Amino acid sequence: MTENLIDRALILAEKWHNGQYRKGTNNPYIVHPKRVADIVKCAILEISSVSEETRDNMIAAALSHDCLEDTNVSEAEILETTNETVLKLVKELTNPSKDFVPTQEHKRLPRGSIRRIKKQMDRDHLSNVSWEAKLIKLSDRLDNVRDMEGMDDDFCLLYADESQLLLNTLTGTHANLEILLKNEIENLRRKVKERRGN
């Protein structure tokens, strides 16, 4: 039954991310949730107390984690395809800032302020989600930081800074993932410095 859950989640993600591509690349978007699911699967292997059911729910949620945020899939379809636990995790992983509508006052703030407000809103949300969702989010960010080829240097540095703030929020979730993410953030900054000849 649980293998079918993972298969169903993959089919759902493939359906809803069909035609989407990773930013700055020609890579189909689906490669990202698949890699996140693999990172989650490996991270869970290090924890003997995680049940098979919890593991499979987390892998299914990792595959589906961007569906609510980046596609028009309904919560009902996720629930029908997977289960209540997977839907709960996907909802926890959906950034609340996606529904943020800047006011006129926000629009008068200095450049970059709205992004900072939205990212803080998302970090505040993530500080209160389940351990399972936090581990998936660490895996998601790890894959994103590793996949910055073709992105503008200024954006890479901004993303590195935002990733460090996110890591601070998620510290205590999974030590090895946290070390990997910290190292990848440092690597990203180093690559930008090398490209700039610093």
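Residues numbered from 1 in each chain as written. Predicted model: local features only at pLDDT ≥ 70, side-chain atom pairs only at ≥ 80, totals over all residues. Heavy atoms only, no water.

Colleague: Even after reading the chapter, I still don't get the overall build of the protein, so can you show me in this structure?
Modeller: Along the backbone of the protein there are 11 helices and zero strands. Tracing the protein from N to C terminus, the helices and strands come up as α-α-α-α-α-α-α-α-α-α-α. The C-alpha atoms of the protein give 17 Å as radius of gyration, which agrees with the globular expectation for 198 residues (16 Å, within 12%). Along the longest, intermediate and shortest principal axes, the C-alpha atoms of the protein span 50 × 40 × 35 Å. A total of 198 residues make up the protein; the buried ones form 45% of that total. When the accessible surface of the protein is split by element, carbon and sulfur atoms take 49% of a total near 10,700 Å². For the protein, the separation between the mean place of its 30 positive charges and that of its 34 negative charges on side chains is 6 Å. (Helix = DSSP H or I, 4+ residues; strand = E, 2+ residues; numbered from the N terminus. Rg over C-alpha atoms; globule rule 2.2 N^0.38 Å. Buried < 20%, exposed > 50% of the residue type's maximum accessible area, 1.4 Å probe, protein only. Areas by Shrake-Rupley, 256 points an atom, 1.4 Å probe, with all protein chains shown as cover. Lys, Arg positive; Asp, Glu negative; His and termini not counted. Charge placed at Lys NZ, Arg CZ, Asp CG, Glu CD.)

Colleague: I would appreciate a short explanation of helix α9 (residues 131–146) in the present structure.
Modeller: The end-to-end C-alpha distance of α9 is 23 Å, a good match for the 22 Å that 16 residues give at a rise of 1.5 Å each. Extensive coverage of α9 is indicated by the burial of 13 of its 16 residues. (Expected span 1.5 Å × (residues − 1).)

Colleague: What am I meant to see in the environment of L93 here?
Modeller: You can see L93 is positioned in helix α6 (residues 84–93). Overall, L93 belongs to the buried group, its relative accessible area being 4%. Counting along the chain gives 13 residues from L93 to E80, while the straight-line C-alpha distance between them is 19 Å. With sequence-adjacent residues up to four places away left out, L93 is seen in contact with H65, E69, A133, I136 and K137. (Contact = heavy atoms within 4.5 Å.)

Colleague: Help me understand the pattern of salt bridges, please; the structure alone is not making it clear to me.
Modeller: Opposite charge on two side chains makes pairing possible when the charged atoms of those side chains draw close. As enumerated under the stated definition, the model contains 18 salt bridges in all. Here R115 and E162 are joined by a salt bridge, their closest N and O atoms 2.6 Å apart. Of this pair, R115 sits in helix α8 (residues 113–126) while E162 sits in helix α10 (residues 153–170); the two residues are 47 residues apart in sequence, bridging distant segments of the chain. Residue class for R115 comes out partly exposed when judged on its relative accessible area of 29%. The closest approach of N and O atoms between D154 and R196, which form a salt bridge, is 2.4 Å. Residue D154 is found in helix α10, and its partner R196 is found in helix α11 (residues 175–196); the two are separated by 42 residues along the sequence. Each of the salt bridges in this network shares a partner with another, and the network as a whole consists of R22, R35, D143 and D147. (Salt bridge = Lys/Arg side-chain N within 4 Å of Asp/Glu carboxyl O.)

Colleague: Explain the packing of α10 against α11 to me, please; I cannot follow it from the model alone.
Modeller: Each packed pair of helices is defined by two parameters, the angle between the axes and the distance between the axes. Across the interface, α10 lies against α11 with an axial gap of 10 Å and an inter-helix angle of 160°. As the angle between them shows, α10 and α11 are arranged roughly antiparallel. Handedness of the α10/α11 crossing: left-handed. Note on element contacts: α11 touches α10 through E178, L181, K182, I185, L188, R189, V192, R195 and R196, opposite D153, D154, C156, L157, A160, D161, S163, Q164, L167 and L170. (Axes fitted to C-alpha atoms, helices over the stretch in contact; angles between N-to-C directions. Parallel < 35°, antiparallel > 145°, perpendicular 65-115°, else oblique. Left-handed = near helix turned anticlockwise from the far one by under 90°.)

Colleague: For this particular structure, what's the right way to read the layout of surface pockets?
Modeller: Approximately 810 Å³ is the volume found for the largest pocket. Where the lining of the largest pocket is concerned, the elements lending two or more residues are α4 (67–70), α8, α9 and α10. For the lining of the largest pocket, the leading source of residues is α8, giving six residues. Classifying every residue of the lining of the largest pocket by side-chain character gives nine nonpolar, six polar and 16 charged. (1 Å grid on protein atoms, 1.4 Å probe; cavity = no way out; pocket = protein on both sides within 12 Å on 5 of 7 lines; lining within 4 Å. Points joined across faces, edges and corners; volume = space filled by probe spheres on them. Nonpolar A, V, L, I, M, F, W, Y, C, P; charged D, E, K, R; others polar.)

Colleague: Explain the nonpolar core to me, please; I cannot follow it from the model alone.
Modeller: Membership of the largest hydrophobic core comes to 49 residues, with the highest contact counts inside it found for V40, M58, I78, I136, L177 and L181. Only α1 (2–17), α2 (31–45), α3 (52–64), α4, α6, α9, α10 and α11 provide two or more residues apiece to this core. With residues near it in sequence (within four places) discarded, V40 still touches M58, I59, A62, L135, I136 and S139. (Core = buried A, V, L, I, M, F, W, Y, C linked by side-chain atoms within 4.5 Å.)

None of this, on its own, says anything about what the molecule does.
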